[in-house]
Amino acid sequence: MPSKDRDRQTLRGFLGMVQEHYPRDFLRIAETVDSRLVPTAIVFELERQGRDPVVVFDRLDGKSMPCVTNIAASRTLLAACLGVPPAELPTAFRERCQTYIPCETVTDPAWDEVVIEGEAVDLALLPIPYQFTVDAAPYITAGQLTARDPETGVDTTGFHRLMLKGRNRLGVSLHSRRRMYEFHRRAEARGQALPVAITIGIHPLHYMGSMVYAYPPNVRKFEIIGGLFGEPYRLARCGVGDLEVPAGAEMIIEGEILPDVREPEGPFGEFTGYASFRSTQNVFVAHRIRMRRDAMFHSVTSGMSKDHILVSCITREGEILNALRRNLPNVKAVHVPHSTCGAFVAIVSMKKTAEGEPQMAIMAALGTELYTKYVIVVDDDVDIFDINDVFWAIATRVRAEKDIVLIPGVKGAILDPSSDPTDFTLTKMGIDATRPAGRDFAERLVIGDEDRARARAILERAGLQA
Ligand SMILES: Cc1cc2nc3c(=O)[nH]c(=O)nc-3n(C[C@H](O)[C@H](O)[C@H](O)COP(=O)(O)O)c2cc1C
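We now turn to the structure provided with this report. (Residues numbered from 1 in each chain as written. Predicted model: local features only at pLDDT ≥ 70, side-chain atom pairs only at ≥ 80, totals over all residues. Heavy atoms only, no water.)

Right, let's talk about the overall build of the chain for a bit. For the chain, the count of helices and strands is 13 helices and 23 strands. Along the first, second and third principal axes, the C-alpha atoms of the chain reach 75 × 60 × 45 Å. Evaluated residue by residue, the chain yields a buried proportion of 55% over its 466 residues. Across the chain, the fraction of contacts at a sequence separation of at least 24, relative to all contacts at a separation of at least 6, is 72%. Counting only carbon and sulfur atoms, one obtains 52% of the accessible surface of the chain, whose full area is about 20,200 Å². When the 55 positive and 62 negative side-chain charges of the chain are each reduced to one mean point, those points stand 1 Å apart. (Helix = DSSP H or I, 4+ residues; strand = E, 2+ residues; numbered from the N terminus. Buried < 20%, exposed > 50% of the residue type's maximum accessible area, 1.4 Å probe, protein only. Contact = heavy atoms within 4.5 Å. Areas by Shrake-Rupley, 256 points an atom, 1.4 Å probe, with all protein chains shown as cover. Lys, Arg positive; Asp, Glu negative; His and termini not counted. Charge placed at Lys NZ, Arg CZ, Asp CG, Glu CD.)

This is the structure in structure tokens:
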């Protein structure tokens, strides 16, 4: 297979695409950079300047393995991965990840060039950034953990933070309590360790597909990722637990999550914008590392960076839209704002045809997953991507005594600092900020397109360019 085709599904294929077609979105830092705090500060400084390039650090702490970050911070680049304009990204993502394409198993994985095992394994040799002053240690943040369900054999893949604890020991938190958490719980109930392969160095479409959460239990996430690529995802068998992992990855770490062992893990600077002390406190032990001879390391910039949150926004927008459209074809769009950590608030726009529809939308959206805490429903004259417009609707269309619904005692996110510190429950809230149906309501002030155009022309003649 020509190398360009072979790289289509890989991190280096993505980097090549960015360098060729979006050179302004690619930044290489060749000088030696301190891995403590500096890479994170650089990405946040770029964001402050309104820039989201992929960043390659050639030499973190002088180590020769490059460290790539910020691969998922730009709607333009993520849309380019799907071959659509940025405005079509959530819809294209939503549609494609419902097409499950069976995987292809190959026998010549790129990561089989160097094999390090036993006593020679030393994870501290990797260029792992130490991201925030609160962090307990350097963290591997772009490790995709793959394991099989001990009961059904179906596998999963997803990011889980990994705290460097020793030469071959990583603390891991499975706090999102989805498949990996459940697989470990099932293995532990049998008194067994859970065989796990950590994949590092993946294409952004793998990142995006791994965040999908509403799909049938017999479907492999790798098949969803295949749907995003529009072709079978190429996997190869590795040396642990009969697992298959992406054949084009930069490196894999084979090992297991121990049963009945819990150790302090964290704190860590999380997507909530807070230091997170909460953790499931699991322990991963590495047995073997396999990698390309010229392997690159990948790190997700953590905290509230776009690299960490943008994909969550897009995934949740797609998943909630899917759930709502089943019963409410008049739902127009869903927005999960970055400022709500890409998680906690969903804004729904609908063309209301009858009373009670916003309440149906609220129940369905709150039920899609534990992270969605508040749902706000607005009419379709409100721009849900403009928080000012949404606040205006809440300010002028809500009567608190009848338009706000509270649901106490619901399972919430462990990392949400407002969830109960012992059982992580919280109160969910729905806000119906739509106008009453079937009767007159105050008329919204609007300036028509024609008048706007006339105004722009006059302003231009007066010397004010748009
Ligand atoms: C950069 C990044 C880091 C993440 N870290 C964790 C983590 O430490 N623990 C966790 O449970 N979920 C984490 N998540 C969320 C999971 O990856 C996500 O919920 C995934 O769908 C879980 O996959 P699973 O069903 O295989 O468990 C992270 C997501 C991202 C984007």
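With respect to the element layout, K373 can be found in the loop between α10 (357-368) and β21 (374-379). Taking relative accessible area as the criterion, K373 reaches 8% and is therefore assigned buried. The contacts of K373, once residues within four sequence positions are left out, are F344, L366, D416, S418, L426, T427, K428 and M429.

Okay, the packing of aromatic side chains next. All told, the structure shown has eight aromatic pairs when counted by the stated rule. Consider the rings of F44 and F132, whose centres lie 6.1 Å apart with planes at 75 degrees: the pair is edge-to-face. You can see F44 sitting in helix α3 (residues 38-48) and its partner F132 sitting in the loop between β5 (114-117) and β6 (139-140), a full 88 residues away along the chain. Note on Y139 and F268: the rings are 4.3 Å apart at their centroids and 35 degrees apart in plane angle, and the pair reads as tilted. Of the two residues, Y139 sits in strand β6 while F268 sits in strand β15 (residues 268-269), which places them 129 residues apart along the sequence. (Phe/Tyr/Trp six-rings, centres within 6.5 Å; stacked < 30°, edge-to-face > 60°.)

Our focus in this paragraph is the sheet that holds strand β23 (residues 425-433). Overall, mixed pairing links the five strands, which are arranged β19-β20-β21-β23-β22 in an open sheet. Unpaired on one side and paired on the other, β19 (331-335) and β22 (404-411) mark the two borders of the sheet. Neighbour-to-neighbour, the strand axes of the sheet open up by a mean angle of 20 degrees, direction not taken into account. Examined bridge by bridge, β19 and strand β20 (residues 345-350) share four bridges and lie antiparallel to one another. Bridging across to β20, H335 finds its partner in I347. (Pairing = 2+ DSSP bridges. Axes fitted to C-alpha atoms, helices over the stretch in contact; angles between N-to-C directions.)

With that settled, consider the packing of helix α9 (residues 306-325) against α10. Between α9 and α10, the least distance of the axes is 9 Å, while the angle of their chain directions is 135 degrees. In terms of their interaxial angle, α9 and α10 are classed as oblique. Here the hand of the crossing between α9 and α10 comes out right-handed. Residues I320, A323 and L324 of α9 lie in contact with α10, whose contacting residues are A361, A364, A365 and T368. Split into classes, the residues belonging to the contact of α9 with α10 amount to six nonpolar, one polar and no charged. (Parallel < 35°, antiparallel > 145°, perpendicular 65-115°, else oblique. Left-handed = near helix turned anticlockwise from the far one by under 90°. Nonpolar A, V, L, I, M, F, W, Y, C, P; charged D, E, K, R; others polar.)

Here the focus is the packing of helix α4 (residues 75-82) against helix α5 (residues 89-96). Contact geometry for α4 and α5: axes closest at 10 Å, N-to-C directions at 40 degrees. One element, α4, and the other, α5, form an angle in the oblique class. Here α4 runs over α5; the crossing is left-handed. Here R75, L78, A79 and L82 of α4 come into contact with α5, specifically with L89, P90, A92, F93 and R96. Among the residues forming the contact of α4 with α5, the class breakdown is seven nonpolar, no polar and two charged.

Now for the site of the ligand. Near the ligand, the surroundings consist of 20 residues, among which T156, F159, R161, S173 and S176 are the closest. At 3.2 Å, a side-chain N or O of H160 approaches an oxygen atom of the ligand. Isolated, the ligand exposes 640 Å² of accessible area, and the fraction of that covered by the protein chains is 94%. Counting residues per element, the shell around the ligand draws most heavily on strand β8 (residues 155-159), which supplies four residues. Class assignment of the residues belonging to the shell around the ligand gives a composition of six nonpolar, 10 polar and four charged. (Near = heavy atom within 4 Å. Polar contact = N/O pair within 3.5 Å; in protein donor to acceptor, adjacent residues only side chain to side chain.)

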